[in-house]
Amino acid sequence: TKLMMVANLGRLCGLRPDDVIYTTLPLYHSAGLLIGVGGCFELGATCVLRAKFSASQFWNDCRRYNVTVIQYVGELMRYLCNTPKRPDDREHGVRLAVGNGLRAEVWQEFLQRFGPVAIWEFYGATEGNAGFINYTGKIGAVGRVNVFLRSFAPYELIEYNVEQNEPVRDERGLCVPVRPGNTGLLVIKITKNTPFHGYVGDAQKTEKKILRDVLVKGDAYFDSGDLLMIDREGFVYFQDRVGDTFRWKGENVATTEVEAALATVNFIQEVNVYGVSVPGDVPPSSNDTFGVPPCQYHLWAPRCHRHPSPPAPVTPSPRPQDALEVTGTFKQRKTQLVRDGFDPDAIADPLFFRDDN
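These figures come from a predicted structure and were not determined experimentally.

(A) Structural view of unusual backbone geometry. Look at asparagine 66: it is not a glycine, yet its phi comes out positive at around 55°. By the element assignment, asparagine 66 lies in the loop between α4 (58–64) and β3 (69–73). Residue asparagine 165 is not a glycine yet carries a positive backbone phi of 55°. Structurally, the position occupied by asparagine 165 is in the loop between β9 (160–161) and β10 (166–167). The exposure class of asparagine 165 is partly exposed, given its relative accessible area of 48%.

Following this line, the structure appears as structure tokens:
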């Protein structure tokens with residue numbers, strides 16, 4: 001049943017039997033297999049596969065095979081935007097893009113450069129019991145909530161303590177829902193309509209994804225592990241993964257927020273932000289209001305102009321690399337980078353630090 005529901009996502013996004021759908025995602029990943037290929041089977045549409053993604057050949061393939069729909073993950077779209085501009089950038093028949101993980105700044109650039117493609121961004125996990133879909137085209141949003149969705153798949157955004165790595169609970173031992181506009185951990189109630197089947201052969205891992213006593217004693221919710229925000233208009237925005245968000249001067253700092261600011265700088269091709277503990281305390285100088293290293297003022301300027309209040313600072317240890325390590329579906333790897341921490345003995349790349357002396 002779940003396989004059919006996921007395969008039907010394409011139909012919900014407006015795919016038609018006469019569409020030609022192009023996917024370069026690996027088929028061992030659920031998005032490529034179930035939504036890309038499975039969606040074609042469900043619709044009777046044509047599927048174009050490529051063994052390996054090529055940014056330079058992407059639009060040539062679209063023209064050659066009369067592609068009308070493309071499937072993406074966020075970084076794939078960034079790679080397309082990073083290719084040299086060409087006079088025929090808008091000469092294609094692509095009318096629709098379906099995928100997830102597309103950042104707002106890349107979204108805007110993609111539309112400006114490649115034309116008015118309808119983008120349907122969705123949010124979900126292979127093992128998850130529900131998700132969101134942005135059916136309005138609102139740039140940056142992963143979905144929009146409505147009464148039907150909440151009745152079918154009850155969900156909550158609850159307060160999360162980043163330092164203790166656990167949900168905040170009140171005096172009754174229950175979780176605390178966040179107000180609109182605030183970031184919270186997404187949890188989805190486990191019901192007959194939205195079951196959580198867990199991981200085969202790993203009961204311990206399955207139990208870790210179940211959060212109990214959320215709103216009332218005895219209830220059970222799927223723990224997405226993701227921090228989201230729902231604004232007052234009901235639009236849903238992905239903020240960060242639990243474990244990626246870090247604390248600075250008593251405030252939660254989402255790595256995605258810092259990445260978005262740095263990505264506006266034209267000489268930076270890709271950004272991967274992660275929080276680490278720096279041995280000792282590196283205090284800001286007297287004229288450094290935001291605690292940003294002097295060498296990074298020019299990187300932070302775009303955000304300072306957009307926000308009148310002092311923004312969250314950048315980590316004081318830039319680590320430039322020729323290429324960032326990514327997964328088979330172009331997601332940036334952070335685990336090893338976090339494990340390296342701020343240790344010059346473990347890091348072969350140039351590592352910059354602040355020295356006020």
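(B) The arrangement of the sheet that holds strand β2 (residues 46–49) in detail. Taken in spatial order, the 6 strands line up as β2-β1-β3-β4-β5-β6 in an open sheet, and their pairing is mixed. Every interior strand has two partners, whereas the edge strands, β2 and β6 (132–133), have only one. Lying on the sheet, helix α5 (residues 74–82) is in contact with β3, β4 (96–100) and β5 (118–123); it crosses β3 at an angle near 110°.

(C) Representation of the pattern of salt bridges within the structure. Summed over all chains, the structure comprises 15 salt bridges. Among the ionic pairs, arginine 86 bridges to aspartate 88, the shortest N-O distance being 3.1 Å. Residue classification places aspartate 88 among the buried positions, given a relative accessible area of 16%. The structure contains a network of salt bridges with shared partners spanning Glu75, Arg78, Arg103 and Glu105.

(D) Structural context of the pairing of strand β8 (residues 155–158). Residues Tyr155 and Leu157 point to one face of β8 and Glu156 and Ile158 to the other, with burial holding for every one of them. Here β8 pairs with strand β11 (residues 183–189) via 4 bridges, running antiparallel. Bridge pairing links glutamate 156 to valine 187 in β11.

(E) Main features of the packing of aromatic side chains. Here the structure, examined in full by the defined rule, presents 12 aromatic pairs. Seen from their ring centres, phenylalanine 196 and phenylalanine 222 are 5.0 Å apart, and the 50° between their planes marks the pair as tilted. One end of the pair, phenylalanine 196, is in the loop between β11 and α8 (203–208); the other, phenylalanine 222, is in strand β13 (residues 220–230), and 26 residues separate them in sequence. Taking relative accessible area as the criterion, phenylalanine 196 reaches 11% and is therefore assigned buried. Taking the relative accessible area as the measure of exposure, phenylalanine 222 reaches 3% and is therefore buried. Site record: aromatic cluster; members linked through ring pairs are Tyr22, Phe53, Phe58, Trp59, Tyr79, Phe110 and Phe114. Sitting over the ring of tyrosine 155, arginine 150 keeps its end group 4.4 Å from the ring centre. The ring of tyrosine 199 has lysine 205 sitting right over it, with the charged end atom 4.6 Å from the ring centre.

What counts, and where the lines are drawn
Residues numbered from 1 in each chain as written. Predicted model: local features only at pLDDT ≥ 70, side-chain atom pairs only at ≥ 80, totals over all residues. Heavy atoms only, no water. Helix = DSSP H or I, 4+ residues; strand = E, 2+ residues; numbered from the N terminus. Buried < 20%, exposed > 50% of the residue type's maximum accessible area, 1.4 Å probe, protein only. Pairing = 2+ DSSP bridges. Contact = heavy atoms within 4.5 Å. Axes fitted to C-alpha atoms, helices over the stretch in contact; angles between N-to-C directions. Salt bridge = Lys/Arg side-chain N within 4 Å of Asp/Glu carboxyl O. Phe/Tyr/Trp six-rings, centres within 6.5 Å; stacked < 30°, edge-to-face > 60°. Lys NZ or Arg CZ within 6 Å of the ring centre and 35° of its normal.

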